[in-house]
Amino acid sequence: MDEYEISLTELRKRLGLNLSYVEDGMIIRITKHGKVIGRIIPERKILEERMVDLVKQGVIHWGGKPLTLWNPIARNIGPALLSDLIYDERRRT
């Protein structure tokens, strides 16, 4: 998710514009005298809403059937996450 900082004064001047950025998925860090005092984050969509958005964008095809969770094939045993290990391996190549 994209983030950016904006001063409280600037946020007040352009509140509508900044809220439209939040609707598009951006996170806004609000600063006062150069110090971050808060954030505005988008409301999390439920999985089905995200799927419908992706279908509308043409990214995926989905028949509309209810989504079910599946059990993972493997679980992490060590302290590092598998995704971190894959990321590190890909950076090396």
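Preceding this paragraph is the structure being described.
Worth saying up front: this structure is predicted, and the values here are computed from it rather than measured. (Residues numbered from 1 in each chain as written. Predicted model: local features only at pLDDT ≥ 70, side-chain atom pairs only at ≥ 80, totals over all residues. Heavy atoms only, no water.)

*Asks:* Could you clarify how one ought to interpret the sheet that holds strand β1 (residues 3-7) in this entry?
*Replies:* Note on sheets: strands pair through backbone hydrogen bonds, and any given pair is parallel or antiparallel. In space, the 3 strands of this open sheet follow the order β1-β2-β3, with mixed pairing throughout. The strands lining the two open edges of the sheet, one partner per strand, are β1 and β3 (35-40). Each neighbouring strand pair of the sheet contributes to a mean axis angle of 30 degrees, computed without reference to strand direction. Across 5 bridges, strand β2 (residues 27-32) lies against β3 in antiparallel orientation. The partner of Arg-29 across the bridge, within β3, is Arg-39. Taken strand by strand, helix α2 (residues 15-23) contacts β1, β2 and β3, and its axis lies near 165 degrees from that of β1. (Pairing = 2+ DSSP bridges. Helix = DSSP H or I, 4+ residues; strand = E, 2+ residues; numbered from the N terminus. Axes fitted to C-alpha atoms, helices over the stretch in contact; angles between N-to-C directions. Contact = heavy atoms within 4.5 Å.)

*Asks:* What exactly am I supposed to notice about the side chain of Asn-18 here?
*Replies:* Along the polypeptide, Asn-18 turns up in helix α2. Among the residues examined, Asn-18 registers a relative accessible area of 3% and is labelled buried. A polar atom in the side chain of Asn-18 sits 2.3 Å from the side chain of Tyr-4. Within the local environment of Asn-18, its side chain forms a polar contact with the backbone oxygen of Arg-14, the two atoms lying 2.8 Å apart. Asn-18 has contacts with Tyr-4, Ile-6, Glu-10, Leu-11 and Ile-28, leaving out every residue within four places of it along the chain. (Buried < 20%, exposed > 50% of the residue type's maximum accessible area, 1.4 Å probe, protein only. Polar contact = N/O pair within 3.5 Å; in protein donor to acceptor, adjacent residues only side chain to side chain.)

*Asks:* Sorry if this is basic, but what is going on with the pattern of salt bridges here?
*Replies:* All chains considered together, the criterion is met by 5 salt bridges. The partner of Glu-3 in a salt bridge is Arg-39, with the nearest N and O atoms 3.9 Å apart. On the criterion of sequence distance, the pair formed by Glu-3 in strand β1 and Arg-39 in strand β3 is long-range, its members being 36 residues apart. Arg-39 sits in the exposed class, given a relative accessible area of 55%. In this structure, the salt-bridge partner of Arg-92 is Glu-89, at a minimum N-O distance of 3.3 Å. Of this pair, Arg-92 and Glu-89 both sit in helix α4 (residues 82-92), 3 residues apart, which is roughly one turn of the helix. When salt bridges that share partners are traced, they join Glu-3, Glu-5, Arg-29 and Arg-39 into one network. (Salt bridge = Lys/Arg side-chain N within 4 Å of Asp/Glu carboxyl O.)

*Asks:* In this structure, what is going on with the pairing of β2? I would like to understand it.
*Replies:* Consecutive residues of a regular strand have side chains that alternate between opposite faces of the sheet. The pairing of β1 with β2 spans 5 bridges and is parallel. Note that in β2 the partner of Ser-7 across the bridge is Thr-31. What sits between the antiparallel neighbours β2 and β3 is a turn of 2 residues, in which His-33 has the positive phi angle 55 degrees.

*Asks:* Could you clarify how one ought to interpret the nonpolar core in this entry?
*Replies:* Generally speaking, nonpolar side chains in soluble globular proteins are found buried as a group. Counting 5 residues, the largest nonpolar core consists of Ile-6, Leu-11, Val-22, Ile-28 and Ile-30. For Val-22, the residues in contact, after removing those within four places along its chain, are Ile-28, Ile-40, Ile-41 and Pro-42. (Core = buried A, V, L, I, M, F, W, Y, C linked by side-chain atoms within 4.5 Å.)

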